[in-house]
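One-letter residues, chain by chain:
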Amino acid sequence: DLDYQEVITYSFVDPTWEKALDADARPMPLANPIASQLSVMRTTLWGGLIETLRHNLNRQQERVRIFELGRVYASLDAQAMKVGGLIYGDALPEQWGAAARRVDFFDLKGELERLFGRALDTRRGVHPALHPGQCAEVWDNGHAIGWVGTLHPRLVQAFDLPAAPILFELDSQALTLRRLPRHASLSRFPLVRRDLAFV
């Protein structure tokens, strides 16, 4: 309902991209990779999301909103399920009723709050892949559950993007704590209106 498209990207990624997104990352190498540029397991969903953005931009898609639910691999024993996403381009589809403006950090933060159904605690933080002044760590129930922010200018240039996308990556387990809406059956009786006149 928030105008996102789900994508599924490879769990095998380029090691140079993983190091660019996080210099401290230690991606697990594959013994028999299917291609030299897909030789390690991903430690973040962002590499695949950025590659999907580039693919869309090369096909003149100027407004992109995508998300992915998938595993990231810190080690054989640590395989966390994450939900990650990316927004890029205009905040609204092309139309005449509102002035065009680019998406920003607060657009994505607001959409995450709609996803969780409540206000999120975002605290200023530092992530190597995100812009230092436009980056926040997301907390829920006293636990850090992920990151939201604008891609670092160094990486915008490295990935050859015309402008910076805004990204998020959260522990998917945090979403299971959200209260889901319950269906209530419709009344069997038709609507009754009464017009009373007192004299």
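Up top is the structure these notes are about.
Residues numbered from 1 in each chain as written. Predicted model: local features only at pLDDT ≥ 70, side-chain atom pairs only at ≥ 80, totals over all residues. Heavy atoms only, no water.

Draft legend 1. Looking closely at the nonpolar core. W46, I50, L86, L151 and L161 are the most contacted members of the largest nonpolar core, which has 23 residues in total. Those elements that provide at least two residues to this core are α2 (46–57), β4 (64–73), β5 (79–88), β7 (130–140), β8 (143–151) and α4 (153–158). For this core, the element with the highest residue contribution is α2, accounting for 5 residues. Dropping the residues within four chain positions of it, W46 is found in contact with L21, H127, A129, L130, W147, L167, F168 and E169. Counting residues in each nonpolar core, the second largest holds 18 residues, with I87, L108, I166 and F168 among its members. (Core = buried A, V, L, I, M, F, W, Y, C linked by side-chain atoms within 4.5 Å. Buried < 20%, exposed > 50% of the residue type's maximum accessible area, 1.4 Å probe, protein only. Helix = DSSP H or I, 4+ residues; strand = E, 2+ residues; numbered from the N terminus. Contact = heavy atoms within 4.5 Å.)

Draft legend 2. How the structure looks around unusual backbone geometry. Phi is positive for D3, close to 75 degrees, though the residue is something other than glycine. Here D3 is to be found in the segment before β1 (5–6). Accessibility expressed as a relative area gives 40% for D3, which makes it partly exposed. The phi dihedral of D160 falls on the positive side, at around 55 degrees, and the residue is not glycine. Position of D160 relative to the elements: it lies in the loop between α4 and β9 (166–171).

Draft legend 3. The arrangement of the packing of aromatic side chains in detail. Enumeration over the complete set of coordinates arrives at 2 aromatic pairs. Relative to F159, the ring of W17 lies with its centre 4.6 Å away and its plane at 70 degrees, an arrangement referred to as edge-to-face. One end of the pair, W17, is in helix α1 (residues 15–21); the other, F159, is in the loop between α4 and β9, with 142 residues separating them in the sequence. Its relative accessible area of 21% is what places W17 among the partly exposed residues. (Phe/Tyr/Trp six-rings, centres within 6.5 Å; stacked < 30°, edge-to-face > 60°.)

Draft legend 4. Examining the pattern of salt bridges more closely. One pass over the structure, following the stated rule, counts 9 salt bridges. Across the salt bridge formed by R118 and D140, the nearest N and O atoms sit 2.7 Å from each other. Of the two residues, R118 is situated in the loop between α3 (105–116) and β6 (121–124) and D140 in strand β7; the sequence distance between them amounts to 22 residues. Residue class for R118 comes out partly exposed when judged on its relative accessible area of 30%. You can call D140 buried: its relative accessible area is 8%. (Salt bridge = Lys/Arg side-chain N within 4 Å of Asp/Glu carboxyl O.)

Draft legend 5. Quick look at the layout of surface pockets. There is about 320 Å³ of room inside the largest pocket. If you trace the largest pocket, you find 13 residues lining it, with L2, Y4, F67, E111 and L115 closest to the centre. Looking at the lining of the largest pocket element by element, the count peaks at 5 residues for α3. In this structure, the second largest pocket encloses a volume near 260 Å³. (1 Å grid on protein atoms, 1.4 Å probe; cavity = no way out; pocket = protein on both sides within 12 Å on 5 of 7 lines; lining within 4 Å. Points joined across faces, edges and corners; volume = space filled by probe spheres on them.)

Draft legend 6. A look at the sheet that holds β9. Spatially, the 7 strands line up as an open sheet ordered β1-β4-β5-β9-β8-β7-β6, and their pairing is mixed. Whereas interior strands pair on both sides, the edge strands pair on one side only; in this sheet they are β1 and β6. Of the strand pairs in this sheet, β5 and β9 are connected by 6 bridges, and their pairing is antiparallel. Within the sheet, the bridge partner assigned to G84 lies in β9 and is E169. Contacts from α3 reach β4, β5, β6, β7, β8 and β9 within the one sheet, and its direction differs from that of β9 by about 30 degrees. (Pairing = 2+ DSSP bridges. Axes fitted to C-alpha atoms, helices over the stretch in contact; angles between N-to-C directions.)

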